[in-house]
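# Structural characterization, general
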Number of protein chains: 2
Amino acid sequence: VPRRPRAPTEHEWIRRLLRRLGDAGPGVVVGPGDDAAALRVGSTTLLVTTDALVEGVHFRTGWLSPRALGERAYRVNASDVAAMGGRPRAAVVALEVPPGVGARVLDQIVAGFVAAARLHGAALVGGNLARGRALAVTVTLLGVAGARIVTRGGARPGDVVAVTGRLGATGCAVRARRAGRRVALPRVPDRVEAGARLAAVATAMIDVSDGLVQDLGHVARASGVAIRVDAWRVPVAPTCRGRHALGIALTAGEDYELACTVPPRRLAAARRRARGAGVALTAVGVVQAGRPSVTIVDEAGRRLRLRAGGFDHLAGPRRRR
Amino acid sequence: VPRRPRAPTEHEWIRRLLRRLGDAGPGVVVGPGDDAAALRVGSTTLLVTTDALVEGVHFRTGWLSPRALGERAYRVNASDVAAMGGRPRAAVVALEVPPGVGARVLDQIVAGFVAAARLHGAALVGGNLARGRALAVTVTLLGVAGARIVTRGGARPGDVVAVTGRLGATGCAVRARRAGRRVALPRVPDRVEAGARLAAVATAMIDVSDGLVQDLGHVARASGVAIRVDAWRVPVAPTCRGRHALGIALTAGEDYELACTVPPRRLAAARRRARGAGVALTAVGVVQAGRPSVTIVDEAGRRLRLRAGGFDHLAGPRRRR
């Protein structure tokens, strides 16, 4: 039995925040609890998301170059905007810098960030610098929503569950590094174009940051549906091998692919749209009526149990890196 | 001679960032380096600012209740929006939480934040929670610009330099606390209404976060002007007494009043506008032609030298709290 952590998990805390805040106010189209908030500004719907990379929690020095850290900080946020079907527009970066980290490192972090942002035509418009005990990069990214905003709450019974790309590469790389092998941490994929194209046909969408099962759990709860995942259909990254590969692909976080739900008659269109954005879309399950839940079944239809429930950023030390 | 810090100061780093980024991109009306960035979104001009409060750097546990910390985190950001003449609209909060800090503390931080934001009709629309070694609250605040955006760069020779409220209360309280006296840290004043009203007549504006002299230095550099401050006219907070009071009022940070420059013929109007927002506006100096600089003079016109150059968030441990 896992030790009960004293601090709430990120998801518990955000759920509590949601209850406290209720209706977030006029002009707030989507409040806290989705990948990004959506805010009506004139005739534009702005998407807002914030995410932090903290040394010792989300990365270890030596696993990532400063430049790669900057790119990663941008892309984990862009992933949230992509999951709403939007396009990044502008960002601010707040850095906490421990003693001994100098200007050259900060410049490389910013250079990696700006280079990744420019691919989307997004500008770095502001920053903050504070001393801290560990290096931390906190990004707030603003995006512009497309014609349709796709939340976690639109999945309907009968929809197909599908994911872009392949899963497990990051989880397997982290496992290998912990075992002492010098494996490169995969870069965060750029799914902004895919997200924007899928938004026209998806009923719900989320980025796979906490692990597929846990992230589909968010969709199930927000949509009030049950989700069945057919384990054998989950696309496992080729670098993720061994008897734990499928478990890692199902539960390890930080792959930053997109998971979406699509009405069956739109599946072919969704696949074409993803392919047009340079990525495969694989159907991995179905949405069913029922209490919010995620069930994983094997080819014989037997339920599988997973040892770990995905990747929760405050759940405990076991899945930290 | 102060030891040269290995890490760049916040202002050096932002200046370097400015040079690197140049023109920040289409739709970016004001880029990095001012109190907030300004971004054209449809027919609205959005203001964006980010600021962090880090335990051990910006506050000490025990100096502020969690609720007061939440309010402070909101208001230091609202101060940046106010300094551009804008009004806060929506915020996201990223928390880093060390072990041992539980849900009750986080809830109180958020409650303090939300209560302060609601006074402006601003909504908390998103958050992020990560483990960290020290408690840190990083806020990004979005505001809506008024008809005129006031930057740091508009001061003209002949303008009067004026400040809202009184200075030195926070600096003196920090000094007293360091000496072991249990003095309350002053709350950050709410100058949003004053900023919005002053924006119609001010040529430049900044919030006094780093200390009056240092912040006027930012105005001098951005505007390409020299600024003379008449020390005896600086309004010193009544709680700030003793022979160091004036020096603290001139250089200590975190008062979060507004400093602005106003053409002489608009000074009476500026005073009325500030008074309409519930705060006094005091003329403390003049803008002159010349190389960017801030000079402080006494009543006899003699130049005063200050021992410390204000409050810079990475400059070293001496002025930390």
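Going by the structure above, here's the rest.
Summary of the structure given here. Model, not experiment: these values are computed from the prediction.

### What about the overall build of chain A?
The helix and strand tally for chain A stands at 8 helices and 13 strands. For 321 residues, the compact-globule estimate of 2.2 N^0.38 gives 20 Å, and chain A sits close to it at 19 Å. With respect to the three principal axes, the spread of C-alpha positions in chain A is 55 × 50 × 40 Å. Scored against the burial criterion, the 321 residues of chain A give a buried share of 64%. In chain A, 82% of the contacts between residues at least 6 apart in sequence involve partners at least 24 apart. Carbon and sulfur atoms form 49% of the exposed surface of chain A, whose accessible area is close to 12,700 Å². Put simply, chain A has 50 plus and 24 minus side-chain charges, and the middle of one group is 3 Å from the middle of the other.

### Quick look at the relation of the copies chain A and chain B
Of the transformation placing chain A onto chain B, the axial shift is 0.0 Å and the rotation is 180°, giving an RMSD of 0.0 Å. The symmetry that links the two subunits is that of a two-fold axis. Comparing interface residues between copies, 100% of those in chain A also sit at the interface in chain B, which points to an isologous, same-surface contact.

### Here we look at the state of the cysteines
All names here are of chain A. Summed over the entire model, instances satisfying the criterion amount to 2 disulfides over all chains. Residue Cys172 pairs covalently with Cys240 via a disulfide, S to S 2.1 Å. Sign of the S-S torsion, about 45° for the bond between Cys172 and Cys240, identifies this disulfide as right-handed. A residue pair is termed long-range when its members are at least 10 positions apart, and Cys172 in helix H4 (residues 169–178) and Cys240 in the loop between strand S9 (226–230) and helix H7 (245–251) qualify at 68 residues. Neither Cys172 nor Cys240 differs from the other in exposure class; each is buried.

### Remarks on the sheet that holds strand S6 (residues 136–144) of chain B
All names here are of chain B. The mixed open sheet is built from 6 strands, whose spatial order is S1-S2-S3-S6-S4-S5. Either end of the sheet is taken by a strand with one partner, and the two such strands are strand S1 (28–30) and strand S5 (123–131). On average, each strand axis in the sheet is inclined to that of its neighbour by 25°, with strand direction left out of account. One ladder, built from 8 bridges, connects strand S4 (residues 87–97) with S5; its direction is parallel.

### Considerations on the pattern of salt bridges
Residues and elements named next belong to chain A. Under the defined criterion, the tally for this structure stands at 22 salt bridges over all chains. Asp35 is the partner of Arg152 in a salt bridge, and the nearest nitrogen-oxygen pair spans 3.3 Å. Residue Arg152 is located in the loop between strand S6 (136–144) and strand S7 (160–164), and its partner Asp35 is located in the loop between strand S1 (28–30) and strand S2 (37–41); the two are separated by 117 residues in the primary sequence. On the basis of relative accessibility, which here comes to 4%, the residue Asp35 falls in the buried class. For Asp298, the salt bridge goes to Arg302, with nearest N and O atoms at 2.9 Å. Among the ionic contacts, a cluster of salt bridges with common partners joins Asp34, Asp35 and Arg152.

### Examining the packing of helix H2 (residues 66–83) of chain A against helix H3 (residues 103–118) of chain A
Residues and elements named next belong to chain A. Where H2 contacts H3, the two axes come as close as 7 Å, and the packing angle between them is 45°. In terms of their interaxial angle, H2 and H3 are classed as oblique. Handedness of the crossing formed by H2 with H3: right-handed. Facing Pro66, Arg67, Leu69, Gly70, Glu71, Ala73, Tyr74 and Arg75 of H2, the residues of H3 in contact are Val105, Gln108, Ile109, Ala111, Gly112, Phe113, Ala115, Ala116 and Ala117.

### Some words on helix H2 (residues 66–82) of chain B
The end-to-end C-alpha distance of H2 of chain B is 24 Å, a good match for the 24 Å that 17 residues give at a rise of 1.5 Å each. Most of H2 of chain B is tucked away, with 14 of its 17 residues classed as buried.

### A short note on the side chain of Asp207 of chain B
Residue and element names in this part refer to chain B. Mapping Asp207 onto the fold places it in strand S8 (residues 204–207). The side chain of Asp207 is buried and forms no salt bridge, while Arg152, the nearest opposite charge, is found at 5.2 Å. Other than its neighbours up to four places away in sequence, Asp207 contacts Asp35, Val76, Ser79, Asp80, Ala83, Asp215, Tyr256, Glu257 and Leu258.

### Considering the sheet that holds strand S12 (residues 293–297) of chain A
Strands pair in a sheet through their backbones, by hydrogen bonds, and they do so in one of two ways: parallel or antiparallel. Residues and elements named next belong to chain A. Within the open sheet, the 7 strands sit side by side as S8-S10-S7-S11-S9-S12-S13. Their pairing is mixed. Strands at the two margins of the open sheet, each flanked by one partner only, are strand S8 (204–207) and strand S13 (303–304). Relative to strand S11 (residues 281–288), S9 runs antiparallel, the two sharing 4 bridges. Looking at S11, one finds that Arg228 is bridged to Val286. Where H2 meets the sheet, its contacts fall on S8 and strand S10 (258–262), and the angle it forms with S8 comes to roughly 175°. Sitting on the sheet, helix H8 (residues 267–276) touches S7, S10 and S11, and the angle it makes with S11 is about 145°.

### Focus on the packing of H3 of chain A against helix H1 (residues 10–21) of chain B
One way to put it is that H3 of chain A packs onto H1 of chain B with a least axis distance of 11 Å and a crossing angle of 40°. Classified by chirality, the crossing of H1 of chain B by H3 of chain A is right-handed. Of the residues in H1 of chain B, those in contact with Ala103, Leu106, Asp107, Val110, Ala111, Val114 and Arg118 of chain A of H3 of chain A are Trp13, Arg16, Leu17, Arg20 and Leu21 of chain B. Residue composition of the contact of H3 of chain A with H1 of chain B, grouped by class: 8 nonpolar, no polar and 4 charged.

### So, a positive patch on the surface
A contiguous patch of positive charge on the surface is contributed by Arg271, Arg272, Arg273 and Arg275 of chain A. You can call Arg275 of chain A exposed: its relative accessible area is 56%.

### Describing unusual backbone geometry
Residue and element names in this part refer to chain A. One non-glycine residue, Glu254, adopts positive backbone phi at about 70°. In this structure, Glu254 sits in the loop between H7 and S10. Relative accessible area serves as the criterion here: at 2%, Glu254 is assigned to the buried category.

### Topic: the pairing of S8 of chain A
Residues and elements named next belong to chain A. Because side chains alternate across S8, one face comprises the buried residues Ala204 and Ile206, and the other comprises Met205 and Asp207, equally buried. Two strands pair when backbone bridges link them, and S8 and S10 are joined in this way by 4 bridges, in the antiparallel orientation. Of the residues in S10, the one forming a bridge with Ala204 is Thr261.

Thresholds, definitions, all that
- Residues numbered from 1 in each chain as written.
- Chains lettered and ligands numbered in written order.
- Predicted model: local features only at pLDDT ≥ 70, side-chain atom pairs only at ≥ 80, totals over all residues.
- Heavy atoms only, no water.
- Helix = DSSP H or I, 4+ residues; strand = E, 2+ residues; numbered from the N terminus.
- Rg over C-alpha atoms; globule rule 2.2 N^0.38 Å.
- Buried < 20%, exposed > 50% of the residue type's maximum accessible area, 1.4 Å probe, protein only.
- Contact = heavy atoms within 4.5 Å.
- Areas by Shrake-Rupley, 256 points an atom, 1.4 Å probe, with all protein chains shown as cover.
- Lys, Arg positive; Asp, Glu negative; His and termini not counted.
- Charge placed at Lys NZ, Arg CZ, Asp CG, Glu CD.
- Least-squares fit on C-alpha atoms with pLDDT ≥ 70 in both.
- Disulfide = S-S within 2.5 Å.
- Pairing = 2+ DSSP bridges.
- Axes fitted to C-alpha atoms, helices over the stretch in contact; angles between N-to-C directions.
- Salt bridge = Lys/Arg side-chain N within 4 Å of Asp/Glu carboxyl O.
- Parallel < 35°, antiparallel > 145°, perpendicular 65-115°, else oblique.
- Left-handed = near helix turned anticlockwise from the far one by under 90°.
- Expected span 1.5 Å × (residues − 1).
- Nonpolar A, V, L, I, M, F, W, Y, C, P; charged D, E, K, R; others polar.
- Patch = residues over 30% accessible without salt bridge, like charges linked within 9 Å, V, L, I, M, F, W, Y side chains within 5 Å.

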